[in-house]
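Structural overview
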Amino acid sequence: MMSGAEMVVRTLTQLGVKHIFGYPGGAVLDIYDALFEASDIEHILVRHEQAAAHMADGYARATGEVGTVLVTSGPGATNTITGIATAYMDSIPMVVLSGQVATSMIGEDAFQECDMVGCSRPVVKHSFLVKKAEDIPTVIAKAYHIAATGRPGPVVVDIPKDIVNPKESHPYIFPDSINMRSYNPTVKGHKGQVKKALQVLLAAKKPVLYLGGGSIAAECSDLITAFAERLNLPVTNTLMGLGAFPGQHKQCLGMLGMHGTVEANKTMHNSDVILALGARFDDRVTNNVKKFCPNATILHVDIDPTSISKTVSADVPIVGSVKQVLSDMIDILDSTGESLEPAAMASWWSEIQVWREQKCLSYAKSDKVIKPQQVVEAMHRVTNGEAYVSSDVGQHQMFAALYYPFNKPRRWINSGGLGTMGFGLPAAMGVKVALPDSVSICITGDGSIQMNIQELSTCMQYGIPVKIISLNNQALGMVRQWQDLIYGGRHSHSYMESLPDFVKLAEAYGHVGIRVSDPSELDEALEKCFSMKDKLVFMDILVDQDEHVYPMQIKFGAMDDMLLGKPKAE
Amino acid sequence: MRRILSVLLENEPGALSRIVGLFSQRGYNIETLTVAPTDDPTLSRLTVTTVGDDRVIEQITKQVNKLVDVLKVSDITDGDHIERELMMVKVKADTTALRDELKRLSDIFRGLVVDVTPTTYVIQLVGTSAKLDAFIEALRSEAEIIEVARSGVTGLSRGEKSLRF
């Protein structure tokens, strides 16, 4: 027998939860009181609940485990909404436990009351309002099960205060297994469809493998690499799929889409068969769907049936886990020994080679001003490409995605779907908490970093020495780029006129701040930054304000309609 | 095209709001909606009529199916089916001539007069939505309609085909 509050903590412990990111308040004080005794769970007190959700998110992305958030009712809960939506868009497993006013007060506009189940409904995979204390273990166990299985996603568990009353005792029954008659995600792809897809692929003359975030969630990078190597397939990754296949592999064409490489977008556009694994043909990939890859037969593998034929119709749809489907395909290849026609593949690769030789990522360096691309390249050099890189949103995000090749999955942590500024720092903290021995970088800009900069204080309290690489161009770079290209250079409200002194700010929070503006000092400064292993270092790197991210797809065009540099003034 | 989707879902608080929310969130239409528990009280059956081309309907079906509370979804307009809607109409009936005419009209449509006062009738009618529309049109030219309540469409597939858990 124990109280509801004790049940919450006991259930989390039994589920193997090691870290909680949270913030106490009236409705969850009983749970916090029970947590005070728990020795197996470390709680990180954040400075803003949005950041708690992003930390749990970064934690989940780096490890594949479910991230856990605990917040109070009302504003505590609503502050997590952006973080939940971010996780939802990128299919990240997360459980958010929110306090709620006592059951008898629900609906009375009580102090700090908010309908969290209603508020979060459009951005959760599922949600629960706990009705009885006895239900706590089962409900929370179900929440973790739903968050982690099928297409992962965030789950909210709203817990009214009376349910966790420490003065009442109830029997604690932890469920042996989770069975839900209405929830049984399909994992194994349909045999006939798998066979059919493989036949189409083997008959291709110009195939391409298109990997999305689902191929990372499926935990099967080895299988993907083995499959791609065996068939000598060109491979491209979405922003969410970076690292699912080694970025420096000779068959890797880099990222595709709006800021994709020439070779990736051209290969897609000219392909005759696309094998999409855990990708969702997002608008930032396809450009105009009417002009999308006109000659391609589309083989689409996804664990979520709604992702298939949502924007682009699949010719051979397969609902199932990427891992399961690929291993079935490899089994078939093993038994038949079939392969693609070598002559056709040689000619396809030579076509691709011509696009590669355009070297679309080349840029002009200067000895006066630091180019943002060169910061990312230097960062890659200094960290041997082994760092976990969490990104905010904007130009720096695209530069990092293009110039820091990821050879392993789960190293690239970014808000791809929702595009949440303020994600980077807390996400990098979540990574560092999960993997204390790793190098955890937050690549950011002067705009994004200010959206959750208060977490520098949390870093000090818990000793979370992330490295902040801020590409400071004193402007909202990506907004400015669009204004340059589409709005005739009218920089409406995209200029940051009163930036703080970031070095002093870092120091005020007890960290180290380093400013660099001279290109010749960049490498040395970065080496210094990464040599201070136990320190949070805030690198305020002043970069060229006028630099744009290229290539860039031309709106309403085909995949391969791209600008490769600034248009010449007329 | 108009479609009728039948949905079997957990009879839990909040389950209905997830379905309604999904429709508005993704910009799908709800023309009519009915819901009630089934012979198994732990399950509800919901019938929704919506419009969209094949692709939209496919997405709606898949999205509804994806909801954790939903057990099964079926587009009953895919095959032979029966659909019915119930309507009650309150009309002004304050002269003998009018009362005779309303009764006659109701009989033609196989409706029932279920409430009578010195000045009003309530006529109940069951049928397809088109039949109900036709009755309203016919009434309009004869009498003053005071109010109308329609249940929304419900229906079943014909024959062996069924939506059960």
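Residues numbered from 1 in each chain as written. Chains lettered and ligands numbered in written order. Predicted model: local features only at pLDDT ≥ 70, side-chain atom pairs only at ≥ 80, totals over all residues. Heavy atoms only, no water.

**As for the overall build of chain B**
Counting its secondary structure elements, chain B contains 4 helices and 8 strands. Considering only C-alpha atoms, chain B reaches an extent of 55 × 35 × 35 Å along its principal axes. Going through the 165 residues of chain B one by one, you find that 45% of them count as buried. (Helix = DSSP H or I, 4+ residues; strand = E, 2+ residues; numbered from the N terminus. Buried < 20%, exposed > 50% of the residue type's maximum accessible area, 1.4 Å probe, protein only.)

**Brief notes about the interface of chain A and chain B**
In this complex, chain A contributes 22 residues to the contact, which on the side of chain B involves 22 residues. Across the chain A-chain B interface, the total number found is 2 salt bridges. The partner of arginine 181 of chain A in a salt bridge is glutamate 10 of chain B, with the nearest N and O atoms 2.8 Å apart. One can count 12 residue pairs in polar contact (both at pLDDT 80 or more) joining chain A with chain B. (Contact = heavy atoms within 4.5 Å. Salt bridge = Lys/Arg side-chain N within 4 Å of Asp/Glu carboxyl O. Polar contact = N/O pair within 3.5 Å; in protein donor to acceptor, adjacent residues only side chain to side chain.)

**Thoughts on the packing of helix H15 (residues 372-382) of chain A against helix H16 (residues 395-403) of chain A**
All names here are of chain A. Look at H15 against H16: their axes get within 9 Å of each other, and the N-to-C directions meet at 50°. Compared by their axis directions, H15 and H16 come out oblique. For the crossing formed where H15 meets H16, the hand is right-handed. Along its contact with H15, which presents Pro372, Gln373, Val376, Glu377 and His380, the element H16 presents Phe399, Ala400 and Tyr403. In terms of residue class, the contact of H15 with H16 is built from 5 nonpolar, 2 polar and 1 charged. (Axes fitted to C-alpha atoms, helices over the stretch in contact; angles between N-to-C directions. Parallel < 35°, antiparallel > 145°, perpendicular 65-115°, else oblique. Left-handed = near helix turned anticlockwise from the far one by under 90°. Nonpolar A, V, L, I, M, F, W, Y, C, P; charged D, E, K, R; others polar.)

**Topic: the sheet that holds strand S12 (residues 316-319) of chain A**
All names here are of chain A. An order of S9-S8-S7-S10-S11-S12 is seen for the 6 strands of this open sheet, with the pairing classed as parallel. If you trace the sheet from one side to the other, it starts and ends with strand S9 (252-255) and S12, each paired once. Adjacent strand axes in the sheet meet at a mean angle of 15°, parallel and antiparallel pairs treated alike. Its contacts with the sheet place helix H11 (residues 262-270) against strand S7 (207-211), strand S8 (235-237), S9 and strand S10 (273-277), and it is angled at close to 105° to S9. Those strands touched by helix H14 (residues 342-356) are S7 and S9, and its axis lies near 45° from that of S9. (Pairing = 2+ DSSP bridges.)

**With respect to the sheet that holds strand S14 (residues 412-413) of chain A**
Residues and elements named next belong to chain A. Reading across from one edge, S14-S13-S15-S16-S18-S17 is the order of the 6 strands in this open sheet, with parallel pairing throughout. The strands lining the two open edges of the sheet, one partner per strand, are S14 and strand S17 (512-516). Here 5 bridges tie strand S15 (residues 440-445) to strand S16 (residues 467-472), and the two strands are oriented parallel to one another. Among the inter-strand pairings, cysteine 442 is bridged to a residue of S16, identified as isoleucine 468. In the packing of helix H17 (residues 424-434) onto the sheet, contacts are made with strand S13 (388-391), S14, S15 and S16, and the angle to S15 comes to roughly 180°.

**A few points about the state of the cysteines**
Residues and elements named next belong to chain A. Per the counting criterion, the structure on display carries 0 disulfides over all chains. The thiol of cysteine 114 is not disulfide-bonded; the next cysteine sulfur, from cysteine 119, is found 3.6 Å away. Here cysteine 293 is not disulfide-linked; the sulfur of cysteine 360 is the nearest cysteine sulfur, at 17 Å. Assessed through its relative accessible area of 3%, cysteine 293 is described here as buried. (Disulfide = S-S within 2.5 Å.)

**Looking at the environment of threonine 34 of chain B**
Residues and elements named next belong to chain B. Relative to the elements of secondary structure, threonine 34 occurs in strand S2 (residues 32-37). Relative accessible area serves as the criterion here: at 14%, threonine 34 is assigned to the buried category. The spatial distance from the C-alpha of threonine 34 to the C-alpha of valine 153 is 6.7 Å, given a sequence separation of 119 residues. Setting aside residues no more than four positions away along its own chain, threonine 34 makes contact with Arg45, Leu46, Thr47, Ser151, Gly152, Val153 and Thr154. At 3.4 Å, the side chain of threonine 34 forms a polar contact with the backbone oxygen of valine 153.

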